[in-house]
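Observations on the three-dimensional arrangement
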Amino acid sequence: MEISIPTTLTEIPLSAFVKWEQSDKSEIDLIEIFCNIPDAKKIPISEYKEIVLLLSDVLNSEPKFYQTFKYKDIDFGFIPKLDSITGGEFIDLENYMKEPETWHKALSILYRPITTRKKNWFDKDKHDLYDIEPYTESHDFFIDAPAEYYLGATVFFYNLGNDLLNAMTDYSQKILKRQAKLNKTSIKNGTGMLALEP
């Protein structure tokens, strides 16, 4: 029996990853889902263990964030300005990211066909600038897209959230230090003291 083993997250369709998320996550499930074979129990034990190790390495690898990618001969780009998404996009995105069976719909909000590309003359190391189609509705187009596209986007949001949390913490600490210094200065100068009445 010939077995095709994915070696990267880009070789795993999002639909298979969703199936894995909804499974018992056993070794049998791991092989049957990602190698697309009906009965992993028939594999010789030496091959079985090797396949489990290889697949575990793939699943434990850090997903890459893709700013742009080509899928089914169409160039897609990640939302270029996250602060300009609409309330409807945000609500749909939040809802679709909750359940694995709708992750492909979340992907259709995050990545849209690129309509125009512009050269980034200011920073040649960064991606070119681009515009994407406006959001109309989610769809099933990405159901079999590489799982890494979705996983990379979720890691991007996780890192963004951590960066914002750290920035807020740093800013709060600066404000507290400034307030403490102001309070010391105020006490020295007598500012803020109540006047004694006879």
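Please refer to the structure placed before this passage.
Quick summary incoming for the structure in this document. (Residues numbered from 1 in each chain as written. Predicted model: local features only at pLDDT ≥ 70, side-chain atom pairs only at ≥ 80, totals over all residues. Heavy atoms only, no water.)

Moving on, we get to the pattern of salt bridges. Tallied over the full model, the rule gives 4 salt bridges. Ionic pairing is found between glutamate 27 and lysine 49, a salt bridge with its closest N-O pair at 3.6 Å. On the criterion of sequence distance, the pair formed by glutamate 27 in helix H2 (residues 27–34) and lysine 49 in helix H3 (residues 45–59) is long-range, its members being 22 residues apart. According to the relative accessible area criterion, glutamate 27 is partly exposed, its value standing at 32%. Given the relative accessible area of 41%, lysine 49 is considered partly exposed. With its nearest N and O atoms 3.4 Å apart, the salt bridge here joins lysine 70 to aspartate 75. (Salt bridge = Lys/Arg side-chain N within 4 Å of Asp/Glu carboxyl O. Helix = DSSP H or I, 4+ residues; strand = E, 2+ residues; numbered from the N terminus. Buried < 20%, exposed > 50% of the residue type's maximum accessible area, 1.4 Å probe, protein only.)

Since one α-helical turn is 3.6 residues long, residues separated by three or four positions face the same way. Here H2 has its buried residues at Asp29, Leu30, Ile31, Ile33 and Phe34. Along its buried surface, H2 packs onto helix H1 (14–21) and H3. Directly beyond the C-terminal end of H2, a positive phi value near 55° is found at asparagine 36. (Contact = heavy atoms within 4.5 Å.)

Bringing the nonpolar core into the picture now. Formed by 46 residues in total, the largest nonpolar core has its most connected members in Ile31, Phe34 and Tyr111. Sequence-distant contacts of phenylalanine 34, defined by excluding residues within four places in its chain, comprise Ser4, Pro6, Ile12, Ala16, Phe17, Trp20, Asp29, Leu55 and Leu59. (Core = buried A, V, L, I, M, F, W, Y, C linked by side-chain atoms within 4.5 Å.)

Turning next to the side chain of aspartate 29. Secondary-structure assignment places aspartate 29 in helix H2. Ignoring anything within four residues of it in the chain, the contact list for aspartate 29 reads Trp20, Ser23, Asp24 and Phe34.

For the pair H1 and helix H5 (residues 103–110), the least separation of the axes is 10 Å and the interaxial angle reads 135°. In terms of orientation, H1 and H5 fall into the oblique class. Of the residues in H5, those in contact with Leu14, Phe17, Val18 and Glu21 of H1 are Trp103, His104 and Leu107. Of the residues contributing to the contact of H1 with H5, the split by class is 5 nonpolar, 1 polar and 1 charged. (Axes fitted to C-alpha atoms, helices over the stretch in contact; angles between N-to-C directions. Parallel < 35°, antiparallel > 145°, perpendicular 65-115°, else oblique. Nonpolar A, V, L, I, M, F, W, Y, C, P; charged D, E, K, R; others polar.)

The next point concerns the sheet that holds strand S2 (residues 74–78). An order of S1-S2-S3-S4 is seen for the 4 strands of this open sheet, with the pairing classed as antiparallel. The open sheet terminates on both sides in strands that have one partner only, identified here as strand S1 (68–71) and strand S4 (129–132). Neighbour to neighbour, the strand axes of the sheet diverge by 55° on average, direction disregarded. Examined bridge by bridge, S2 and strand S3 (residues 111–118) share 3 bridges and lie antiparallel to one another. From the neighbouring strand, phenylalanine 76 faces S3, where its bridge partner is proline 113. With respect to the sheet, H5 is in contact with S2 and S3, its orientation differing from that of S3 by roughly 20°. (Pairing = 2+ DSSP bridges.)

Once that is clear, we can look at the side chain of threonine 102. Within the secondary structure, threonine 102 sits in the loop between helix H4 (87–96) and H5. Note on threonine 102: relative accessible area 19%, which makes it buried. Not counting residues up to four positions away in its chain, the partners in contact with threonine 102 are Asn95 and Tyr96.

Geometrically, a pair of aromatic rings is defined through the distance of the ring centres and the angle of the planes. Applying the stated rule across the entire model yields 15 aromatic pairs. A centroid spacing of 6.1 Å and a plane angle of 70° characterise the contact between phenylalanine 69 and phenylalanine 142, whose relative ring orientation is edge-to-face. Here the residue phenylalanine 69 occupies a position in strand S1, and phenylalanine 142 occupies one in the loop between S4 and helix H6 (147–189), the gap between them amounting to 73 residues. Since its relative accessible area comes to 6%, phenylalanine 69 is described here as buried. Among the residues examined, phenylalanine 142 registers a relative accessible area of 0% and is labelled buried. Where phenylalanine 76 meets phenylalanine 141, the ring centres are 5.7 Å apart and the plane angle is 40°; that geometry is what we call tilted. Remark: phenylalanine 141 occurs in the loop between S4 and H6 and phenylalanine 76 occurs in strand S2; sequence separation between them is 65 residues. Ring pairing ties together the aromatic residues Phe65, Tyr66, Phe69, Tyr71, Phe76, Phe78, Tyr111, Phe141, Phe142 and Tyr149, which thus form one cluster. (Phe/Tyr/Trp six-rings, centres within 6.5 Å; stacked < 30°, edge-to-face > 60°.)

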